Structure formats: C-alpha cells, structure tokens
Amino acid sequence: MGMGLVLALGPLAWVWLRNKNQPMARRLRVLTLLTLFLTFDLVLFGAFTRLTDSGLGCPDWPGCYGHASPVGAAQPISEAQAAMPTGPVTHSKAWIEMIHRYLATGVGVLILTLAVATWLARRAQKGSRPAGAAEPALPGRRRSGPPGGQRLTRSEECGGVISVWWPLATLVWVCIQGAFGALTVTMKLFPLIVTLHLLGGLILLALLQAQAVRYAQAHEATRPAVLSSGVRILLVATFVLLWLQIALGGWVSTNYAVLACNEFPACQGSFWPAMDFREGFTLWRHLGVGRDGDNISFQALTAIHYVHRIAAYVVFTALLALAWQLRRIPAMRSYGNWTAGLALWQFATGLSNVVLGWPLVAAVSHTGGAAALAVVLTGALFSSRRVPHPATAAKLRASSL
C-alpha cells in the first residue's frame, strides 16, 4: 500500500500543479484521463504478467511470502526456484507479479482521490449558486454572480453539473477488481476468476472513459452528438458484441487454447474440426481440468478457440460497418477512424497469434487492442444520443443549417 501511495503521488502532484488555475471540472477531467492512461498500462502489464506465467510468482496475497517485496522474500523464492527452476515461482516472476500489484494499488489511490475530489467539487458547485436558485440556469440566460464574487464557469451557466455517481461507481468497482485479483492468486489461476479479472480491468477502463466524457461535457458545456436511430442501434449492438468477444478471448487465453488451431482460416486441416463444446465451456473447473476431473481434452480446447474465431468474424464486420457510419458524422468522425484502425489491428494481432505460435508481443498487443476498442466505443456511446422523434430530428437539422 505504501508503494502504491508513492506511485500515485507523482501523477497527483503533476495534475494539481499544472492545472491549479483551471476550473475544477477541467482538473478532474485531466486527472481522469491520466488515471485512464495508467489503468490501460496496468491492463497491458496484467496481460504480460499472465502470458509470462508470473501470476503465481508470489503465491500469497497481498504480499510475497509475508513480505512487502521480493527482497524480503528472497530465501523462500530461492528455495522454490531450486525445487522447480521452470516453475511458477522465480525471482523474475515474483518481481513481475509484485510490480503489477504496486501499479494496481497506485491506480486505486488515484481513483479514491478522484472520488473525493469530485465530491468536494460538487459541493462547491452547489454552494456557488445564487441564493434562491434551485436549478442551474438555462442556456443563454444571464444570472447574477454568487456571493463573494466567485465566477461561475461557462458549463454552470449552461446547466452543466459535476456528477459524483460515476467516480463513486468507479471506486466501488476498483475494490471489486482488487478482490478478483486476490482470488486469482489464492484460487491458483482458476480460469473463470482470471477471465472475470480481465473483464473487470476493461470495465474499469470503460467507467473511467465515461467519466472523462462527462467531465468534458461539464467543462465545455457541450451536448452529445445526435445520431439516427439506426446508427445508435448499431453502436449499442456492436458495443455488446465487443464485450461478448472480449469474454470469449479471455476464456481462450486463460485456458491456454490459442494454439489449439495453428493455421488460418482452417483449423487442423478442416473448417469444422472435432470439438467438445460441453467440456470446453464448463465454467466452474480448475485450470487444465475437465468436467470429470481428468485433464481437459484437446477437443475442448479446440472448441474454445474456434468459437472465439467464428465470433471474431461477426464482430469484425460489425466494427467496420459502425466505423463507416460514424465517419459520415462530423462530430463522430474521430471515433469512426479509431474503430476502423483498431479493428484492423485486432485482425492482424489475432492472426499473428495463430500463425506465429503466440508470440508475447502479439499476445499483449491483442489484449491492448481489445482494451482500446472498449475505451473508444464507450466514448462514442457517451458522446452521442439518439434522435428522440423524427420531428425533433428535422428541427435539429434546420437549426444546424
């Protein structure tokens, strides 16, 4: 915890000193974006930890053999490494695992600070309203300044407010994510727990991105872009499909089923190889163990891999269709470009995992691409809204002209 606090102090000091004269909504947005960036790095490092088999580098939690770092645990680590030189416990794997925990604790401190700062900013924003004003002013309406001569920001003049619910939800979720991190170690890389831990990290990214969008809207007094019903439905559907595909990808990775098919587009010389779906998608079982307690069959691993591959075709098509639609809308063009680029990135890295034998760089990059897609689609979702009624849409178009 001390290491996590030390790691968090640097970003906190940088944000506050660099933006000390800025409105609170901007400072909170900058802190949120920085936390989002560091959380993205944490997700990548978590993938690196898993892919280097370092998840049990320190087989207890939260310390390492009861110590705060591998330095104090040098003797038990050396004994475990001498007993099994290529096993899960070595000095390098212990350091990888503990650095991951230090970074996770640092992100937790940043999220806690963000929640407290948002709560204080919301109280200050309420107190800055003129006496007797129960609601924020409507756009374009002037009002007198608050007591003491404090100037209202443009977002407050336009009705923008800072919400405490998003940072509170993020704080609750990071605590849940920490619990899954502990279970990952204590339950010895139980596949379902590891998959949920991966999903939890990406949900944390989505929460921070939604929060960053809301802070930007509060600071800049902007409204979400208006999408047609068809484009909005496509966006929501693609968002749901992406999360299902991420869950399938996590299940492939945590069961080490990537190399069950080492050719493309066929698998084991067939477009429908022998597969055991029932055993492959039995969720409550230990790593490498089937439903009956024996070693998991190769047919089950093939089923895990091939379902993810088939679903990838659907998601890839949906992403490209969504990117095409978003690029036609000026306010959403950047989201469309990012969606198209990341879809191609995922195709390239996923194919590299199969035909190149699961290289570490491609595997980590594939996880990073999935995390980036989750951030981009979350941003697109919260930066837009559906046209409520055709008549309203006509009025909005006329207003734009």
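Note that the structure is predicted; figures quoted are calculated from it, not measured. (Residues numbered from 1 in each chain as written. Predicted model: local features only at pLDDT ≥ 70, side-chain atom pairs only at ≥ 80, totals over all residues. Heavy atoms only, no water.)

Trainee: Describe the overall build of the chain, with residues and values.
Mentor: Helix and strand counts for the chain stand at 13 helices and 2 strands. Out of the 401 residues in the chain, the part that is buried amounts to 47%. For the chain, long-range pairs separated by at least 24 residues make up 75% of all intrachain contacts whose partners lie at least 6 apart in sequence. Per element, the accessible surface of the chain, about 19900 Å² overall, is 66% carbon and sulfur. (Helix = DSSP H or I, 4+ residues; strand = E, 2+ residues; numbered from the N terminus. Buried < 20%, exposed > 50% of the residue type's maximum accessible area, 1.4 Å probe, protein only. Contact = heavy atoms within 4.5 Å. Areas by Shrake-Rupley, 256 points an atom, 1.4 Å probe, with all protein chains shown as cover.)

Trainee: Break down the nonpolar core for me, citing the residues and quoting the values.
Mentor: With 58 residues, the main nonpolar core has Leu202, Leu235, Trp243, Ile246, Met332 and Leu377 as its most contacted residues. Counting residues per element, this core draws most heavily on helix α12 (residues 360-382), at 11 residues. Other than its neighbours up to four places away in sequence, Leu235 contacts Leu227, Leu322, Leu377, Ala380, Leu381 and Ser384. With 13 residues, the next largest nonpolar core counts Phe190, Val258, Ile296 and Leu301 among its residues. (Core = buried A, V, L, I, M, F, W, Y, C linked by side-chain atoms within 4.5 Å.)

Trainee: Give me the packing of helix α10 (residues 298-327) against helix α11 (residues 333-355): which residues, what numbers.
Mentor: It is at 8 Å that the axes of α10 and α11 come closest, and there the two elements cross at 155°. When the axes of α10 and α11 are compared, the pair comes out roughly antiparallel. Of the two possible hands of crossing, α10 and α11 adopt the one that is left-handed. Residues His305, Arg309, Phe316, Leu319, Leu320, Ala323, Leu326 and Arg327 of α10 touch α11, and the partners they reach there are Arg333, Tyr335, Gly336, Asn337, Thr339, Ala340, Ala343, Leu344, Phe347 and Val354. Of the residues assigned to the contact of α10 with α11, the class counts are 11 nonpolar, 4 polar and 3 charged. (Axes fitted to C-alpha atoms, helices over the stretch in contact; angles between N-to-C directions. Parallel < 35°, antiparallel > 145°, perpendicular 65-115°, else oblique. Left-handed = near helix turned anticlockwise from the far one by under 90°. Nonpolar A, V, L, I, M, F, W, Y, C, P; charged D, E, K, R; others polar.)

Trainee: An account of the pattern of salt bridges is needed here, citing residue identities and associated values.
Mentor: Scanning the model with the defined rule gives 1 salt bridge in all. For Arg101, the salt bridge is made with Glu97, and the minimal N-O distance between the two is 2.9 Å. Of this pair, Arg101 and Glu97 both sit in helix α4 (residues 91-127), separated by 4 residues, roughly a single helical turn. Residue class for Glu97 comes out buried when judged on its relative accessible area of 5%. (Salt bridge = Lys/Arg side-chain N within 4 Å of Asp/Glu carboxyl O.)

Trainee: Any details on the layout of surface pockets? Residues and values, ideally.
Mentor: Put simply, the largest pocket is a space of about 1300 Å³. Along the wall of the largest pocket there are 50 residues; nearest its centre are Trp61, His100, Arg101, Ala104 and Gly178. Secondary-structure elements contributing two or more residues to the lining of the largest pocket are α1 (2-18), α2 (24-51), α4, α6 (165-186), α7 (191-220) and α8 (229-254). Looking at which element gives the most residues to the lining of the largest pocket, the answer is α4, with 11 residues. Residues belonging to the lining of the largest pocket are distributed by class as follows: 26 nonpolar, 20 polar and 4 charged. Each pocket or cavity is described by its volume, and for the second largest pocket that value is around 760 Å³. Taken together, 34 residues form the lining of the second largest pocket, with Gln245, His308, Gln346, Gly350 and His366 sitting closest to its centre. Elements represented by at least two residues in the lining of the second largest pocket include exactly α2, α7, α8, α10, α11 and α12. (1 Å grid on protein atoms, 1.4 Å probe; cavity = no way out; pocket = protein on both sides within 12 Å on 5 of 7 lines; lining within 4 Å. Points joined across faces, edges and corners; volume = space filled by probe spheres on them.)

Trainee: Pulling in residues and values, what's your account of the state of the cysteines?
Mentor: A full pass over the atoms with the stated rule returns 2 disulfides. Each disulfide pairs two cysteine sulfurs, and for Cys58 the partner residue is Cys64, the sulfurs being separated by 2.1 Å. In this structure, the disulfide formed by Cys58 and Cys64 twists by about -80° around the S-S bond and is classed as left-handed. In this pair, the class of Cys58 matches that of Cys64, namely buried. There is a disulfide in this structure between Cys261 and Cys267, and the S-S distance comes to 1.8 Å. (Disulfide = S-S within 2.5 Å.)

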